[in-house]
Amino acid sequence: MSEAGGDLPLNEILAGDCIEVMNSLPAGSVDLIFADPPYNLQLKGELLRPDNSKVDAVDDHWDQFSSFAAYDAFTRDWLKAAKRLLKPNGAIWVIGSYHNIFRLGAELQNQGYWMLNDVVWRKSNPMPNFKGRRLTNAHETLIWASRDESSKYTFNYEALKALNEGVQMRSDWVLPICTGHERLKDEFGDKAHPTQKPESLLHRVLLATTNPDDVVLDPFFGTGTTGAVAKMLGRNFIGIEREEAYRKAAAARLARVRKFDGAALEVTGSKRAEPRVPFGQVVERGMLRPGEELFSSNNRYMAKVRADGTLVGNSVKGSIHQVGAALEGAPSCNGWTYWHFKRDGKMVPIDTLRQQIRSEMDGYRPN
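Quick caveat, the model's predicted, so the values are computed rather than measured. In this numbering scheme, every chain counts its residues from 1 along its sequence in written order. The predicted origin of the model limits local features to residues at a pLDDT of at least 70 and limits the giving and counting of side-chain atom pairs to 80 or more, whereas totals for whole chains, interfaces and linings rest on all residues. Excluding hydrogens and water, the side-chain values take into account all heavy atoms of the structure.

*Asks:* What is the right way to read helix H5 (residues 199-209) from this model?
*Replies:* The periodicity of an α-helix, 3.6 residues per turn, causes residues three or four positions apart to be oriented the same way. Accessibility here uses a 1.4 Å probe with only protein chains present; expressed as a share of the type maximum, an area under 20% marks a residue as buried, one over 50% as exposed, and anything in between as partly exposed. We count a stretch as a helix when DSSP gives it H or I for four or more residues in a row; a strand needs E for two or more, and each element gets its number in order from the N terminus. Where burial is concerned, most of H5 is hidden: eight out of the eleven residues are buried. Residues Leu201, Leu202, Arg204, Val205, Leu206, Leu207, Ala208 and Thr209 constitute the buried set of H5.

Listed below in structure tokens is the structure:
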């Protein structure tokens, strides 16, 4: 049964052709689409290891197209249906290999999607090239694009930075392929799906570009990695899958998944998304008094608060940012973290006062 969300079948796996199903859903209703379409690998015959054992390669019927023209027509149609579904500020991720990613990228631009990044997923444990006639294919490429050039898409920059131990996240991601306990098997012990993506990849994508309760659609749902990670992270998902065996495997998998608790779902937010608080408000509200002394974080400089919310120190006058920069001889300075006041013998950053004001603002939810 559908959950709250109008006519959207939230947190369900829909059976059928992805284009037909997408065209049946309400326009402008989805926040993010993650698409792992057929790669059109064009395999010729069996792929063998040096010991002549057969490689379990992708030779399923759903990955076979009669020509590049047929594949391009399919790509055009599903991307058109996807764009119709996206909200004005929505975005899409598509993933592919060298066989199809360039064709996908061209069609995204043809349809007016706005390219944001391409990401190289470098596999830490790739399958070798058994014939030894080419380089080991050790990566896949993801394209992240907003619905339109003007879309105000979601990007949780600070959360990704925190995920990366305080360093800005780059566009090359080193993650293992899906193996071990995460790899789903059928009743015969074989892979339930030949191209099952690792949950780590979807975790990074959804953490970066969605918020809790957002709607994430996967038109090529497979065994449900997108849905599993969305459920864990408190996002809503819609899966579309035409193969019954994959739908059954995905449904069983999703039944085992539990959503993280509310506190665990909170992530580091962007300072730019928080309400602006002028330093003058701190003075107006008596949190700091005119004439009170502030001290630099390195304790080298002192400045006094003035009644209009500016500072004066060493004959330098100006905002908390201007005075800090001038005293340090730096091109810029974040005065909120640079300046401290003393309470009970302890140095306290003035940013704590800004956060106190923000916490009292209507509609503001602190991180």
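Now that the structure has been shown, we can carry on.
*Asks:* Please explain the sheet that holds strand E8 (residues 236-241) as it appears in this structure.
*Replies:* Across a sheet, paired strands are connected by hydrogen bonds in the backbone, their directions being either parallel or antiparallel. Whether two strands pair depends on DSSP finding at least two bridges between them. The strand order across the open sheet formed by eight strands is E1-E8-E7-E2-E3-E5-E4-E6, and the pairing between neighbours is mixed. Sheet topology places strand E1 (12-15) and strand E6 (172-175) at the edges, where each strand pairs with a single neighbour. Taken pair by pair, the neighbouring strands of this sheet meet at an average axis angle of 20°, ignoring direction. Examined bridge by bridge, strand E2 (residues 30-35) and strand E7 (residues 215-218) share two bridges and lie parallel to one another. Bridged to Leu32 within E7 is Val216. Where helix H2 (residues 68-85) meets the sheet, it contacts E2, strand E3 (86-96) and E7, and its direction lies at approximately 145° from that of E3. Sheet strands in contact with helix H3 (residues 101-110) are E3, strand E4 (114-123) and strand E5 (139-146), and its direction is about 165° off that of E3. Between N-to-C directions, angles cover 0 to 180 degrees, with each direction set by a line fitted to C-alpha atoms, over the stretch in contact for helices. The contact rule is simple, with two residues in contact once any of their heavy atoms fall within 4.5 Å.

*Asks:* Teacher, can you tell me more about the nonpolar core here?
*Replies:* As used here, the term nonpolar core means buried Ala, Val, Leu, Ile, Met, Phe, Trp, Tyr and Cys residues forming a set that is joined through side-chain atoms within 4.5 Å. Membership of the largest hydrophobic core comes to 33 residues, with the highest contact counts inside it found for Trp93, Leu142, Trp173, Leu201, Val205 and Leu206. If you list the elements that add at least two residues to this core, you get E2, E3, E4, E5, E6, H5, helix H6 (225-232) and helix H7 (244-256). Top contributing element to this core by residue count: H5, with five residues. Excluding its chain neighbours within four sequence positions, the residues that come into contact with Trp173 are Trp93, Val119, Val120, Trp121, Arg122, Leu201, Arg204 and Val205.

*Asks:* Is there a simple way to think about the pattern of salt bridges in this case?
*Replies:* Pairing of side chains with opposite charge becomes possible as their charged atoms draw close. Salt bridges, as used here, are contacts in which a Lys or Arg side-chain nitrogen is within 4 Å of a carboxyl oxygen on Asp or Glu. This structure, assessed with the given rule, holds 13 salt bridges. For Glu140, the salt bridge identified is with Lys123, shortest N-O distance 2.8 Å. Pair noted here: Glu140 is in strand E5 and Lys123 is in strand E4, with a separation of 17 residues, a long-range link. The exposure class of Glu140 is buried, given its relative accessible area of 8%. Residue Arg354 is joined to Asp351 by a salt bridge in which the shortest nitrogen-to-oxygen separation is 2.7 Å. Of this pair, Arg354 and Asp351 both sit in helix H12 (residues 351-359), three residues apart, which is roughly one turn of the helix. Accessibility expressed as a relative area gives 12% for Arg354, which makes it buried.

*Asks:* How should I be thinking about the packing of H2 against H3 in this particular structure?
*Replies:* Any two packed helices are characterised by how steeply their axes cross, that is the angle between the axes, and by the distance between the axes. With their axes 10 Å apart at the nearest point, H2 and H3 run at an angle of 45° to one another. The orientation of H2 with respect to H3, classified from their angle, is oblique. Pair H2 / H3 crosses with right-handed handedness. Side by side, H2 and H3 meet where Phe68, Tyr71, Asp72, Thr75, Arg76, Trp78 and Leu79 of the first sit next to Arg103, Leu104, Glu107 and Leu108 of the second. Along the lines of polarity and charge, the residues of the contact of H2 with H3 split into six nonpolar, one polar and four charged. We call two directions roughly parallel when the angle between them is under 35 degrees, roughly antiparallel when it is over 145, roughly perpendicular when it lies between 65 and 115, and oblique otherwise. In this scheme the crossing of two helices becomes right-handed for a clockwise turn of the near helix relative to the far one and left-handed for an anticlockwise turn of less than a right angle. Polar here means any residue other than Ala, Val, Leu, Ile, Met, Phe, Trp, Tyr, Cys and Pro, which are nonpolar, and Asp, Glu, Lys and Arg, which are charged; Gly is therefore polar.

*Asks:* Mind showing me how you'd approach the packing of aromatic side chains here?
*Replies:* For any pair of aromatic rings, the description consists of the separation of the ring centres together with the inter-plane angle of the planes. Only the six-membered ring of Trp is used, alongside the rings of Phe and Tyr, when aromatic pairs are assigned; centres must lie within 6.5 Å, and planes under 30 degrees apart are stacked while those over 60 apart are edge-to-face, with the rest tilted. As enumerated under the stated definition, the model contains eleven aromatic pairs in all. The interplanar angle of 85° and the centroid separation of 5.2 Å between the aromatic rings of Trp78 and Phe220 together place this pair among those described as edge-to-face. Taken together, the residues span a long stretch of sequence, with Trp78 in helix H2 and Phe220 in the loop between E7 and H6 at a distance of 142 residues. For the ring pair Trp93 and Trp144, a centre distance of 5.5 Å and an interplane angle of 5° mean the geometry is stacked. Here the residue Trp93 occupies a position in strand E3, and Trp144 occupies one in strand E5, the gap between them amounting to 51 residues. Residue Trp93 is classed as buried on the basis of its relative accessible area of 2%. A network of ring pairs unites the aromatic residues Trp93, Trp144, Tyr153, Phe155, Tyr157 and Trp173 as a single cluster. Only lysine NZ and arginine CZ atoms are considered, and such an atom sits over a ring when it is within 6 Å of the ring centre and within 35 degrees of the ring normal. One cation-aromatic arrangement involves Lys83 over Tyr113; the distance from NZ or CZ to the ring centre is 5.3 Å. Above the ring of Phe295, the side-chain terminus of Lys342 is found at 4.5 Å from the ring centroid.

*Asks:* Before we go on, may I ask you to explain the sheet that holds strand E10 (residues 302-305) in this structure?
*Replies:* Taking strand neighbours across the sheet as the criterion, the six strands line up as E12-E11-E10-E9-E13-E14 in an open arrangement whose pairing is antiparallel. Each of the sheet's edge strands pairs with one partner strand only, and the pair in question is strand E12 (316-318) and strand E14 (346-349). Taking the axes of each pair of neighbouring strands and ignoring which way they run, one obtains an average angle of 35° across the sheet. Packed on one face of the sheet, helix H10 (residues 320-328) meets E10, strand E11 (311-313), E12 and strand E13 (339-343) and runs near 150° to E12. Contacts from H12 reach E13 and E14 within the one sheet, and its direction differs from that of E14 by about 50°.

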